[in-house]
Amino acid sequence: MKTKAVRLYGKKDLRLEEFELPEIKENEILASVITDSICMSTWKLANQGADHKKAPNDLADNPIIIGHEFCGELLEVGGKWAHKYKKGERYVLQANLQLPDRPDCPGYSYPYTGGDATYIVISEDVMNQDCLIPYKGETYFEGSLIEPLSCVIGAFEANYHLKEGSYEHKMGIKSDGNLLIMGGTGPMGLLAIDYALHGPIKPKKLVVTDRDAEKLARAAKLYPSQNGIDVSYVNVAEVTDQVNLLKETVDGGFDDIFVMVPVDSVVSEAAAMLNPDGCLNFFAGPQNKEFSANVNFYDVHYSFTHFVGTSGGNTEDMRKAVKLIENKQVKVANVVTHILGLDAVGETTLNQPAIGGGKKLVYTHKQSELSKLSEIEQESELGKILAETGGIWSKKAENYVLKNYPNI
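Residues numbered from 1 in each chain as written. Predicted model: local features only at pLDDT ≥ 70, side-chain atom pairs only at ≥ 80, totals over all residues. Heavy atoms only, no water.

Per an unreviewed UniProt entry, the recorded name for the chain is Zinc-binding dehydrogenase, and the organism is Candidatus Enterococcus murrayae.

Colleague: Tell me about the overall build of the chain, and please be specific about residues and values.
Modeller: Counting its regular elements, the chain contains 14 helices and 19 strands. Rg of the C-alpha trace for the chain: 21 Å, near the compact-globule value of 22 Å for 408 residues, within the 12% margin. Viewed in the frame of its principal axes, the chain has a C-alpha envelope of about 60 × 55 × 40 Å. Contacts in the chain between residues at least 24 apart in sequence constitute 73% of all its contacts with a sequence separation of at least 6. Entry remark: accessible area of the chain is about 18100 Å², with carbon and sulfur atoms responsible for 47%. (Helix = DSSP H or I, 4+ residues; strand = E, 2+ residues; numbered from the N terminus. Rg over C-alpha atoms; globule rule 2.2 N^0.38 Å. Contact = heavy atoms within 4.5 Å. Areas by Shrake-Rupley, 256 points an atom, 1.4 Å probe, with all protein chains shown as cover.)

Colleague: Lay out the UniProt feature "domain: Alcohol dehydrogenase-like C-terminal" (unreviewed entry) in the chain in plain terms, naming residues and giving numbers.
Modeller: Those residues carrying the UniProt feature "domain: Alcohol dehydrogenase-like C-terminal" (unreviewed entry) are residues 187-326 in this numbering. When the span residues 187-326 is considered, its composition is 41% helix and 22% strand, and the gap between its end C-alpha atoms is 20 Å. (UniProt positions renumbered as here; feature names shortened; annotations may be inferred.)

Colleague: Give a detailed account of the sheet that holds strand β16 (residues 306-309), specifying residues and quantitative values.
Modeller: Strands sit in the order β13-β12-β11-β14-β15-β16 across an open sheet of 6 strands; the sheet is parallel. Strands with a single pairing partner mark the edges of an open sheet, and in this sheet they are β13 (230-235) and β16. With direction set aside, neighbouring strand axes in the sheet form an average angle of 15°. For strand β12 (residues 205-210) and β13, the ladder comprises 6 bridges, and the chain directions are parallel. Bridging from a neighbouring strand, Val-208 pairs with Tyr-233 of β13. (Pairing = 2+ DSSP bridges. Axes fitted to C-alpha atoms, helices over the stretch in contact; angles between N-to-C directions.)

Colleague: Tell me what's going on with the packing of helix α4 (residues 146-158) against helix α5 (residues 187-198), and back it up with residues and numbers.
Modeller: Between α4 and α5, the shortest axis-to-axis distance is 9 Å and the interhelical angle comes to 60°. Comparing the axis directions of α4 and α5 gives the class oblique. For the pair α4 and α5, the sense of crossing is right-handed. Here Pro-148, Leu-149, Cys-151, Val-152, Ile-153, Phe-156 and Glu-157 of α4 come into contact with α5, specifically with Met-188, Leu-191, Ala-192, Tyr-195 and Ala-196. (Parallel < 35°, antiparallel > 145°, perpendicular 65-115°, else oblique. Left-handed = near helix turned anticlockwise from the far one by under 90°.)

Colleague: Describe the packing of α4 against helix α10 (residues 315-326), naming the residues involved and giving the relevant values.
Modeller: For the pair α4 and α10, interaxial distance at closest approach is 8 Å and the crossing angle is 115°. The crossing of α4 and α10 is right-handed. Residues Ile-146, Glu-147, Leu-149, Ser-150, Ile-153, Gly-154 and Glu-157 of α4 touch α10, and the partners they reach there are Asp-317, Met-318, Lys-320, Ala-321, Val-322, Leu-324 and Ile-325. Considered class by class, the residues forming the contact of α4 with α10 number 8 nonpolar, 2 polar and 4 charged. (Nonpolar A, V, L, I, M, F, W, Y, C, P; charged D, E, K, R; others polar.)

Colleague: Break down the layout of surface pockets for me, with residues and values.
Modeller: There is about 770 Å³ of room inside the second largest pocket. Taken together, 27 residues line the second largest pocket, and the ones lying closest to its centre are Arg-218, Thr-337, Lys-372, Ser-374 and Gly-391. Only α5, α6 (213-222), β17 (336-341) and α13 (381-387) provide two or more residues apiece to the lining of the second largest pocket. Of all the elements, α6 adds the most residues to the lining of the second largest pocket, at 6 residues. Of the residues assigned to the lining of the second largest pocket, the class counts are 10 nonpolar, 11 polar and 6 charged. (1 Å grid on protein atoms, 1.4 Å probe; cavity = no way out; pocket = protein on both sides within 12 Å on 5 of 7 lines; lining within 4 Å. Points joined across faces, edges and corners; volume = space filled by probe spheres on them.)

Colleague: Give me the lowdown on the pattern of salt bridges, citing residues and values where you can.
Modeller: Pairing between side chains of opposite charge can happen when the charged atoms of each approach one another. Across all of its chains, the model carries 17 salt bridges by this definition. A salt bridge links Glu-168 to Lys-163, with the shortest nitrogen-to-oxygen separation between them at 3.5 Å. A salt bridge links Lys-396 to Glu-388, with the shortest nitrogen-to-oxygen separation between them at 3.1 Å. Residue Lys-396 is classed as partly exposed on the basis of its relative accessible area, which comes to 45%. Exposure remark for Glu-388: the relative accessible area of 53% places this residue in the exposed category. (Salt bridge = Lys/Arg side-chain N within 4 Å of Asp/Glu carboxyl O. Buried < 20%, exposed > 50% of the residue type's maximum accessible area, 1.4 Å probe, protein only.)

Colleague: Describe the side chain of Thr-139, listing the residues and the values that go with them.
Modeller: Within the secondary structure, Thr-139 sits in the loop between β8 (132-134) and α3 (140-144). With relative accessibility at 2%, the residue Thr-139 sits in the buried group. Polar contacts involving the side chain of Thr-139 include one to the side chain of Glu-142, which spans 2.7 Å. Excluding residues that lie within four positions of it along the chain, Thr-139 makes contacts with Arg-90, Lys-395 and Glu-398. (Polar contact = N/O pair within 3.5 Å; in protein donor to acceptor, adjacent residues only side chain to side chain.)

Colleague: Can you break down helix α7 (residues 242-249) residue by residue, with the values?
Modeller: Residues of α7 that are buried: Gln-242, Val-243 and Leu-246. Projected down its long axis, α7 shows its buried positions confined to an angular sector of 95°, all on one face. Contact partners of the buried residues in α7: β11 (178-182), β12, β13, β14 (254-259) and α8 (264-272). (Arc of directions from axis to C-beta.)

Colleague: Can you break down α10 residue by residue, with the values?
Modeller: Between the first and last C-alpha of α10 there are 16 Å, a value that for 12 residues agrees with the 16 Å anticipated at 1.5 Å per step. Here α10 starts with a cap whose side-chain oxygen sits 3.1 Å from the backbone nitrogen of Glu-316, and that cap is Asn-314. One or two residues past the end of α10 sits Lys-328, with phi positive at roughly 60°. (Expected span 1.5 Å × (residues − 1).)

Colleague: Go over the nonpolar core, please, and point to the residues and values.
Modeller: With 58 residues, the main nonpolar core has Phe-156, Leu-206, Ile-339, Leu-382 and Trp-393 as its most contacted residues. Here this core gets 8 residues from one element, more than from any other, and that element is α5. Ignoring anything within four residues of it in the chain, the contact list for Leu-206 reads Leu-179, Ile-181, Ile-193, Ala-196, Leu-197, Ile-229, Asp-230, Val-231 and Ser-232. (Core = buried A, V, L, I, M, F, W, Y, C linked by side-chain atoms within 4.5 Å.)

Colleague: Got a sec to walk through the side chain of His-161? Specific residues and values, please.
Modeller: Note that His-161 resides in strand β9 (residues 160-162). Sequence-distant contacts of His-161, that is, excluding residues within four places in its chain, are made with Glu-168, His-169, Lys-170, Gly-172, Ile-173, Lys-174, Asp-255, Asp-256, Asp-277, Gly-278, Cys-279 and His-306.

Colleague: So what about the UniProt feature "domain: Alcohol dehydrogenase-like N-terminal" (unreviewed entry) in the chain? Which residues, and what values?
Modeller: Using the residue numbers shown here, the UniProt feature "domain: Alcohol dehydrogenase-like N-terminal" (unreviewed entry) corresponds to residues 26-125. For residues 26-125, helix accounts for 11% and strand for 28%, while the C-alpha atoms at its two ends are 13 Å apart.

Rendered as structure tokens:
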């Protein structure tokens, strides 16, 4: 079967190509990809090329398919997996394989397994790690947002607090505590807000910061105070003393802090706002391997402050995310701000920071330039559909694209 895919050959060298997929083996699965959500991690991969820790050293001769937040249907199941997976089944994939002997992951390492393609061969590594997950959600695009949601779930579960009088830790954010999300209006920040409001452990107060007034206003509209949680949004663009201002918003300090931007001063300020037994999660992924920040170790010693970092979720986090979306407990559609076809993936990936906004959703079988949802002509059919949901992407909008946009 022929596929069309965006492949990485080296630093900033992305090419949309058509080529023949090999016949699947007994231990592989042939699948279609319907949607892929572009991740900033792919931008980092494209910048680093073969220097990326998950990319093969011979990219120039053996390119890989990019994209790791994808959803589609199984087309042909190799005999080894016929007892577990069925043709026609929708699937999502946990790309963070955590193989014992190598760093390989779909979207980073494989010639035939990645999200920015029309058809793929799913490597047996995925099934061996139990990372191919059946999905029964209503839309493909929500399936493509399960992976980033799983990263947020993993981060919330990685935080920890002391069990008084013991050396044991209680995992997760502090129930009925003060939670701060710094730089929290990007797509991952919005997912974190959503999960804080609707996840199993709920804070008493949630504070979200950013330096962009428009993004803060949008977040405040999407996620007001609810479920007994007091939510505040703070613009810190012109603030000279962020620490005292934010501590005043909760009459003290914070029990859990998520830092969503890789800025050393923000990390230091976050550390200064931790309550005793508070936990700081450095969620942002820096490109600089020497990234560091000043932290008060007096507080580490005497106030038992904690520091963790998370990079991706695990398969159990992914399964939890699947259930949240299947049961409509979270609204991941809120983070979609752009749509595009496979032909616009390369340029969009390389220009992610300049484009800004939230998640860029790829319909892999379609041709379409990058379109910002808020700028789609209101009188167009798609514009009218978006007006029904206040500009939020939806099942109806997805169905329109799948039916009416030209195939690639």
